[in-house]
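What follows is each chain in one-letter form.
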Amino acid sequence: MYVQLNCAIVDADANNRQELVQFLSQFGVNVLVQAANTDGLAALLQRSDAPQLVVINLDPAPHEMLKRLDTLPRQFPAVSFFVMSQVVDANLLMDAMHHGVKEFIPLPISEQKFASAVEGVAQIHGMGRRARVISFIPTIGGCGSTTMACNVAAALAKTAKTVLVDMDLMRGGVANCFDIRPRYTIADVMESAEKVDKQFLDNALAAHGSGVSVLARPDLPEDTQRVNQPGLHRLLGVLSRVFEYVVIDSMMSISPLYHTVLQASDVNVVVMQLNVPSAKNAERFVGALRRMGVEHTKIKLLANRFVKKGWDIEPDEVERAIGLSISWMVPNDFKNAIAAINFGEPVVLRSPKSEMSQSLVGLAATLTGKETTEAKAA
């Protein structure tokens, strides 16, 4: 079950509290309460909706602050207490352990270690792992990246809770592919970034009959400016706790906004066609991903509109130039593809027995991370 981890923050510095709220949001942690001291913490933890995690900054007087914590960690054993401090000495660590503190976080925070600690708390409370995030990135206009994203999302939704996010903020067509008119868009979610939680998303997301939940692009071009990096961090963190799969129809960009998507994704699917312009862009972008430190296991090449004869460039030429194997090839089927677009229904739903549909279902299966081997569709 994918639910959100709730938290309380205690920090004497208001600016620190706000920074910590933003930091925690990228891990899907919802901050219920912010406080300057531990007064009222006991009453909060007695409530039926008490947080599962309490994070306390012990500075500037760590030993004194730890004494104020008193027996709360042992009084509420179901709550995980994290304490933070720039002071790291044996006496302070021993005192924290004596009080029943679960984690001592040295400042400045190590993001990797903190993420691991938060995941541990989520596991304790039966919240499962974070969702698998799959982003689709087009190399040229019209290469079919949106079609791939929508069909993979529809295929995944047959067996798992799946959300599809349209990050082609100007031209995105995800809502059209499902023939829906969402009441809210990703821009509206950004306005309420600090309030985003499971209940908020239940109202903001558009539900399709296939089981896919959709977060559409902004209606007005000028509203794209409302989509920002902190809000996107927060959004992806919450979605990753609520859903099993987060599918993103993205863009070929390394701007801060799209860098957030790239880093959050478990797999970045670079969608191309077997022609020179698409291959050149794929080579450039994959090179950029490598320089950014994206692991090669998180990059997949997808050749769309594959035909057995008549391509502009050989598949093995592409693989040699990019230094990456083509993971999957989706056969060309213009008739079924255009019909699906015009009727607002993904191919895997409208024409499930077609060769294209079967290939897309196979693609979805490989992207779940549950397959031990990769296969190529002929």
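Please read all numbers here as calculations on a predicted model, not as lab measurements.

A.B. asks: Outline the overall build of the protein, supporting the account with residue identities and numerical values.
C.D. replies: Helix and strand counts for the protein come out as 17 helices and 13 strands. Taking 21 Å as the expected radius of gyration for a compact globule of 378 residues, we find that the protein reaches 23 Å, a close match to that expectation. Considering the protein as a whole, with its 378 residues, one finds that 54% of them fall into the buried category. Put simply, 77% of the contacts in the protein that link residues at least 6 apart link residues at least 24 apart. Taking the 36 positively charged and 39 negatively charged side chains of the protein as two groups, their mean positions are separated by 5 Å.

A.B. asks: Lay out the packing of helix H11 (residues 229-242) against helix H12 (residues 256-264) with the relevant residues and their values.
C.D. replies: Where H11 meets H12, the axes come as close as 9 Å, and the angle between the chain directions of the two elements is 20°. Between H11 and H12, the crossing angle belongs to the class labelled roughly parallel. Handedness of the H11/H12 crossing: right-handed. Between H11 and H12, the contacting residues are Gln229, Leu232, His233 and Leu236 on the first element and Pro256, Leu257, Thr260, Val261 and Ala264 on the second. Among the residues forming the contact of H11 with H12, the class breakdown is 6 nonpolar, 3 polar and no charged.

A.B. asks: If you had to explain the nonpolar core to someone new, which residues and values would you point to?
C.D. replies: By size, the foremost hydrophobic cluster in this structure holds 40 residues, and its most contacted members are Phe136, Leu164, Phe178 and Leu302. In terms of residues, this core owes the most to one element, helix H7 (residues 145-156), which gives 8 residues. Those residues in contact with phenylalanine 178 that lie beyond four places of it in its chain are Cys150, Ala154, Leu164, His208, Ser210, Val212, Val214, Gly344 and Pro346.

A.B. asks: So what's going on with unusual backbone geometry? Which residues, and what values?
C.D. replies: At the junction of aspartate 59 and proline 60, the peptide bond is cis and its omega measures out at 10° in the coordinates. Residue proline 108 is reached from leucine 107 by a cis peptide bond, and omega for that bond is 0°. Along the chain, proline 108 turns up in the loop between strand E5 (103-106) and helix H6 (111-124). Even without being glycine, arginine 305 reaches a positive phi, approximately 55°. Tracing the backbone through its elements, the reader meets arginine 305 in strand E12 (residues 299-306).

A.B. asks: Could you give an account of the pairing of strand E3 (residues 53-57), with specific residues and numbers?
C.D. replies: Burial analysis of E3 places 5 of its 5 residues in the buried class, which makes it a mostly covered element. What you see with E3 is no split at all: Leu53, Val55 and Asn57 on one side and Val54 and Ile56 on the other are buried throughout. Pairing geometry for strand E1 (residues 5-10) and E3, over 4 bridges, is parallel. By the bridge assignment for E3, valine 10 is matched with isoleucine 56.

A.B. asks: Hey, could you go over the pattern of salt bridges for me, with residue numbers and the actual values?
C.D. replies: One pass over the structure, following the stated rule, counts 7 salt bridges. Linking aspartate 188 and arginine 226 is a salt bridge whose minimum nitrogen-to-oxygen distance equals 3.2 Å. Taken together, the positions of aspartate 188 in helix H9 (residues 186-191) and arginine 226 in the loop between strand E9 (212-215) and H11 put the pair 38 residues apart, joining distant regions of the chain. Arginine 226 sits in the partly exposed class, given a relative accessible area of 24%. Between arginine 320 and aspartate 316 there is a salt bridge; the shortest N-O distance is 3.7 Å. Remark: aspartate 316 and arginine 320 occur in helix H14 (residues 315-322); sequence separation between them is 4 residues, near one turn of the helix. The exposure class of aspartate 316 is partly exposed, given its relative accessible area of 38%. Each of Asp188, Asp223 and Arg226 takes part in one network of salt bridges that share partners.

A.B. asks: Tell me about the confidence of the model for the protein, and please be specific about residues and values.
C.D. replies: In the predicted model, the protein carries a mean pLDDT of 89, and 93% of its residues have values of at least 70. Predicted confidence for residues 372-378 stays below pLDDT 50, and this span has 13 contacts to residues more than four positions away or in other chains.

A.B. asks: Outline the sheet that holds E9, supporting the account with residue identities and numerical values.
C.D. replies: Spatially, the 8 strands line up as an open sheet ordered E8-E9-E7-E10-E6-E11-E12-E13, and their pairing is mixed. Whereas interior strands pair on both sides, the edge strands pair on one side only; in this sheet they are strand E8 (206-207) and strand E13 (326-331). Alignment of strand E6 (residues 132-138) against strand E10 (residues 245-249), held across 5 bridges, turns out to be parallel. In the strand pairing of E10, arginine 132 is matched with tyrosine 245. Along the sheet, H11 contacts E6, strand E7 (162-166), E9 and E10; its crossing angle with E10, the most-contacted strand, is approximately 140°.

Conventions we followed
- Residues numbered from 1 in each chain as written.
- Predicted model: local features only at pLDDT ≥ 70, side-chain atom pairs only at ≥ 80, totals over all residues.
- Heavy atoms only, no water.
- Helix = DSSP H or I, 4+ residues; strand = E, 2+ residues; numbered from the N terminus.
- Rg over C-alpha atoms; globule rule 2.2 N^0.38 Å.
- Buried < 20%, exposed > 50% of the residue type's maximum accessible area, 1.4 Å probe, protein only.
- Contact = heavy atoms within 4.5 Å.
- Lys, Arg positive; Asp, Glu negative; His and termini not counted.
- Charge placed at Lys NZ, Arg CZ, Asp CG, Glu CD.
- Axes fitted to C-alpha atoms, helices over the stretch in contact; angles between N-to-C directions.
- Parallel < 35°, antiparallel > 145°, perpendicular 65-115°, else oblique.
- Left-handed = near helix turned anticlockwise from the far one by under 90°.
- Nonpolar A, V, L, I, M, F, W, Y, C, P; charged D, E, K, R; others polar.
- Core = buried A, V, L, I, M, F, W, Y, C linked by side-chain atoms within 4.5 Å.
- Pairing = 2+ DSSP bridges.
- Salt bridge = Lys/Arg side-chain N within 4 Å of Asp/Glu carboxyl O.
- pLDDT = per-residue confidence, 0-100.

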